[in-house]
Amino acid sequence: MSLYHETAAIVTGPSTHGGSLKSRIYGSKDLKSPPAQVYALAFESSKWSAVLKEVVENSQLLQKERKITPTLSILLTHDLLLAKKGIALPASHGLRVSIEKHKARLQSEFTRARIRRKCPTVNALKAVIDAQFGPAHPRWIRVNSLKSTVDEQLDTTFKGFEVVPTVSEVMAPTSASKKVLCLDSHVPNLIAAPPGIDFTKTPAYQSGAIILQDKASCFPAYLLDPRPEDGDIVDACSAPGNKTTHLAAILHERGGLAAGQQRILAFEKDRNRAKTLAKMVRAAGSDKVTVIHPGADFLKTDPDTPEFRAVGALLLDPSCSGSGIVGRDDTPEFHLPVSVGAAGKVVNDSGGSKALKRKRAPEPPTVVVDDDGAETVLTEKALQTRLEALASFQLAILLHAFTFPHATRVSYSTCSTHALENEQVVLAALRSPVARRRGWRILERREQVRGMREWPVRGDLDACGGGKGGGNGGGDGVIVPGVVAEGCVRAEREDGRGVMGFFVACFVRDGSKDGDGNEGDKDGDGPFVRDAQGRIVRGPDGIPTLKSTGQKVVDLEGLEEEGVEVRFGEGDDGDGDGPFERDADGRIVRGADGMPRLKAGRRPDGEIESESESEEEEEEDENEEDEWGGFDE
Ligand SMILES: C[S@@+](CC[C@H](N)C(=O)[O-])C[C@H]1O[C@@H](n2cnc3c(N)ncnc32)[C@H](O)[C@@H]1O
């Protein structure tokens, strides 16, 4: 069966699977054509079917070609007039021959339909159709403060754009390809532009001055609110690096990086994804302050290792079900053309105009998305099992972060809409022995940075145990559901705010409990010795000194014996230019994984590097540059 017959059968046939168009297609065991192709054809043809119905009826195609059913006529006309590659059938295939015979007539009816809609070009008509049916989602652009400023971008990349006050004006169908933008009122340095404008070819995008990143995905680093006094910051699950680079931008603005006080320690378990992370970090200009641990499982790190003694804050964005980013499946109505036969009878292959769109009955979410964006349709039971496994992994990451000796802030986020991965993980973490022992509590709404405090969509009260009340969000063992729910931040797809589905919460503690080394922090400004400006004092080796002991937090001499990985963004050694190899221009030389190379051929993992190995890495590194396709959202 051809792609067109299979798609027509899905579009018109009775649904045995129920649920959305996507789950019906991906759940069908009988399809011979690739499900993605069937879905794209069904969805796109539905979007265009109101226009194509006119084209087919006015060209009298159905009267002339009796073998083409009304459903097939829409699918074929769509590909003939709108698909880049035309009809996906061999040139001699009967269906292709039947439709291509009428190309000139169909084309001229299409032009008439376009003019009736007052669209001067096909692209203008496409923009109108996309705006009607495309996701109501602006293009979110984060100006990377490591490389540029909002003002600079308004004068260059966005020159000629009209600044409008609300994101709904940017998302309005009439704005689809208009030069309008909105400066976000919650997240600093964030701009919303219409989805129809492609920024990936702009110099700003290519140089890393702007990064395409959904607004909700900017919440974790912003809510974590890292400051110079927090010391080193861990990003536990980093690739592709949107939040890692956002952390760097925030720290840069606060002067922590300029003073060389802080590093970002970025973990990524998957080595391939760590390569993407390294590219993104380099392109965003934050490579000098970011130490990437490629292939490293954050859960296997030992928080008591001297390398982590200066870690004051952690950002946790672990793998999740991805239900917040599942593509919209709000399938448009499929308009069928009507053909009047010789006897004046209406000919129709499915009994009149049929809506593809199922009633929006509550249906269990059945699609999950992995870290690489691959979608899987699951039964409700399988979904529940998957969510439980994810939730226990997410909780493990959170509880591990709670044990870092000097950590006082931890953000936890997912792009999932399921309470099981969100509020319930937060509650379980607050109830955990380590949270109680070390005084971890939720960062209450009133304590959050302005933009997050003012963001109106909060956690699910029922999922937090219901009820309302004052009090606090943990810490001394008292967990008040209303406080926890208000402390949690949610983002909902399709609520008119133009964001993806997302969840974030931040945990804090005062750092004086549990004999964790902070007892020397009597003045409340953290565990390290500071200069008159309040900056952490580091020795020539870049290591801070603890107030409590007067000793450096890392005993470098002892490290090698202990087999500890020593990795610094920047540092000094005997000859004053740091421990890493540098090129003729003084730039740090990095391996294929983005890690700086230690001098004397010593790799950060402590092994001696052979010459041939190092050449291979360089070659690989060059190839990677070629593959760099820009930032992902
Ligand atoms: C949701 S993605 C992170 C997205 C990233 N924070 C960003 O904003 O670009 C989760 C990442 O965590 C990684 N990961 C999962 N488990 C991990 C672990 N135990 N240790 C380190 N990385 C892990 C996955 O490979 C994946 O790349």
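The chain has the name S-adenosyl-L-methionine-dependent methyltransferase in an unreviewed UniProt entry, where Chaetomium tenue is given as its organism.

Enquirer: Kindly report on the sheet that holds strand S5 (residues 210–212), identifying the contributing residues and their values.
Expert: The strand order across the open sheet formed by 5 strands is S2-S3-S4-S1-S5, and the pairing between neighbours is mixed. Each edge of the open sheet carries a strand with a single partner, namely strand S2 (162–163) and S5. Sheet topology places strand S1 (residues 139–143) next to S5; 3 bridges connect them, and they run antiparallel. Across the sheet, the residue bridging to Val143 is Ile210, located in S5. Of the strands in this sheet, S1 and S5 touch helix H13 (residues 242–253), which is tilted by about 40 degrees from S1.

Enquirer: Residue-level account of the pairing of strand S4 (residues 190–193), with values.
Expert: With burial as the criterion, each face of S4 is covered, one bearing Leu190 and Ala192 and the other bearing Ile191 and Ala193. The pairing of S1 with S4 spans 4 bridges and is classified as antiparallel. Of the residues in S4, the one forming a bridge with Ile141 is Ile191. Note that strand S3 (residues 180–183) and S4 share 2 bridges and pair antiparallel. Residue pairing in the sheet places Leu183 in a bridge with Ile191 of S4. In sequence, S3 turns back onto S4 through a hairpin of 6 residues, with Asn189 there showing a positive phi of about 65 degrees.

Enquirer: Now, about the nonpolar core: what can you tell me, with residues and values included?
Expert: Grouped together as the largest cluster of nonpolar side chains are 41 residues, with contacts concentrated most on Phe219, Met452 and Trp455. Elements represented by at least two residues in this core include exactly helix H10 (167–171), S3, S4, helix H12 (219–224), H13, strand S9 (311–316), strand S16 (489–491) and strand S17 (502–508). A total of 5 residues in this core trace back to one element, the largest contributor, which is H12. Setting aside residues up to four positions removed in sequence, Met452 forms contacts with Phe219, Tyr222, Leu223, Arg458 and Val489. Residues Leu31, Leu61, Leu76 and Phe334 belong to the second largest nonpolar core, which totals 40 residues.

Enquirer: Break down the pattern of salt bridges for me, citing the residues and quoting the values.
Expert: Under the counting rule described, the total for this entry stands at 20 salt bridges. Lys201 is the partner of Asp198 in a salt bridge, and the nearest nitrogen-oxygen pair spans 3.5 Å. What makes Asp198 partly exposed here is its relative accessible area of 45%.

Enquirer: Summarise the site of the ligand; cite the residues concerned and give the values.
Expert: Neighbouring residues of the ligand: 20 residues in total, closest Lys243, Glu268, Arg273, Asp297 and Asp317. One of the backbone nitrogen or oxygen atoms of Pro240 is found 3.4 Å away from an oxygen atom of the ligand. At 2.7 Å from a nitrogen atom of the ligand is found a side-chain nitrogen or oxygen belonging to Asp297. If the ligand stood free it would expose 600 Å²; the protein chains cover 93% of that surface.

Enquirer: Outline helix H3 (residues 35–59), listing residues and values.
Expert: Here H3 contains 25 residues, and its C-alpha end-to-end distance of 31 Å is more than 12% below the 36 Å for a straight helix at 1.5 Å per residue. Ser49 marks the point of greatest bend in H3, at about 65 degrees. Just downstream of H3, Gln60 is the residue with a positive phi angle, here 60 degrees.

The rules behind each value
Residues numbered from 1 in each chain as written. Predicted model: local features only at pLDDT ≥ 70, side-chain atom pairs only at ≥ 80, totals over all residues. Heavy atoms only, no water. Pairing = 2+ DSSP bridges. Helix = DSSP H or I, 4+ residues; strand = E, 2+ residues; numbered from the N terminus. Contact = heavy atoms within 4.5 Å. Axes fitted to C-alpha atoms, helices over the stretch in contact; angles between N-to-C directions. Buried < 20%, exposed > 50% of the residue type's maximum accessible area, 1.4 Å probe, protein only. Core = buried A, V, L, I, M, F, W, Y, C linked by side-chain atoms within 4.5 Å. Salt bridge = Lys/Arg side-chain N within 4 Å of Asp/Glu carboxyl O. Near = heavy atom within 4 Å. Polar contact = N/O pair within 3.5 Å; in protein donor to acceptor, adjacent residues only side chain to side chain. Areas by Shrake-Rupley, 256 points an atom, 1.4 Å probe, with all protein chains shown as cover. Expected span 1.5 Å × (residues − 1). Bend = angle between axes of the 7 residues up to and from the residue.

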